[in-house]
Amino acid sequence: MRKGENKTEGIVGTSELAAVVGKTKQWIGQLTRDGVLAQVARGKYNLAESVQAYIRHVTGTAEVGKISYNDEKAQHEQIKKEIAILELEEKRNNLHTTGDVLDAWGELVVNFRERLQGLPPRMATELSHMTDEKEIRLLMESKINDALTELAKYDPFAERE
């Protein structure tokens, strides 16, 4: 303390509090924004209250309405675990990204549309000499069922790999 300074008892700055708890000034700032630590003035903390609040935060005994450090860390670890499981399932080909699914469905729809649009030209010559309504209906049903059967057998990954 410099000569002439009148420092209030037990009040410390951000740097001093960070040094006491062994963290950075930025960490102290984050804890302040999160409501774990309370400032008595801008950049000033009551040392005793702040150390006690930090200990409660780290040990998991948070105040009502506030998340403890341990709870936050456990939640973070749970999220990392879920991400790892999803990535593993994707690598095992048990899970596909939305983009892959959209691509596969898009390809399926395009192929089916082309197949259906190709029916009239292929059937025109066969139908031109037919006059029996039942025979025409059976031919059309057969061609449509062929297209539907092809749709049912569609495997988007067989063509890509």
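About the criteria used
Residues numbered from 1 in each chain as written. Predicted model: local features only at pLDDT ≥ 70, side-chain atom pairs only at ≥ 80, totals over all residues. Heavy atoms only, no water. Helix = DSSP H or I, 4+ residues; strand = E, 2+ residues; numbered from the N terminus. Buried < 20%, exposed > 50% of the residue type's maximum accessible area, 1.4 Å probe, protein only. Contact = heavy atoms within 4.5 Å. Axes fitted to C-alpha atoms, helices over the stretch in contact; angles between N-to-C directions. Parallel < 35°, antiparallel > 145°, perpendicular 65-115°, else oblique. Nonpolar A, V, L, I, M, F, W, Y, C, P; charged D, E, K, R; others polar. Salt bridge = Lys/Arg side-chain N within 4 Å of Asp/Glu carboxyl O.

Peer 1: I'm lost on the overall build of the chain in this one. Help?
Peer 2: Helices and strands together make up the secondary structure of the chain, namely eight helices and three strands. Reading the chain from its N end, one meets helices and strands in the order β-α-α-β-β-α-α-α-α-α-α. Among the 161 residues that make up the chain, the fraction classed as buried is 17%. Residue pairs at least 24 apart in sequence account for 49% of intrachain contacts in the chain once pairs closer than 6 positions are excluded.

Peer 1: I keep staring at the packing of helix 5 (residues 98-117) against helix 6 (residues 119-128) and nothing clicks. Help me out?
Peer 2: When two helices pack together, their arrangement is given by the angle between the helix axes and by the axis-to-axis distance. At their nearest, the axes of helix 5 and helix 6 sit 5 Å apart, and the two run at 25 degrees to each other. Looking at the two axes, helix 5 sits roughly parallel to helix 6. Judged by residue contacts, Arg115, Leu116 and Gln117 of helix 5 engage Leu119, Pro120, Pro121 and Arg122 from helix 6. Split by residue class, the contact of helix 5 with helix 6 holds four nonpolar, one polar and two charged.

Peer 1: Please clarify how the pattern of salt bridges should be interpreted in this entry.
Peer 2: Pairing between side chains of opposite charge can happen when the charged atoms of each approach one another. For the structure on display, the rule yields five salt bridges. Across the pair Glu89 and Arg92 runs a salt bridge, and its minimum N-O distance is 3.7 Å. Residue Lys143 pairs with Glu126 through a salt bridge whose shortest N-O separation is 3.9 Å. With Lys143 in helix 7 (residues 133-152) and Glu126 in helix 6, this residue pair connects regions lying 17 residues apart in the sequence. Here Glu126 falls in the partly exposed class, since its relative accessible area comes to 30%.

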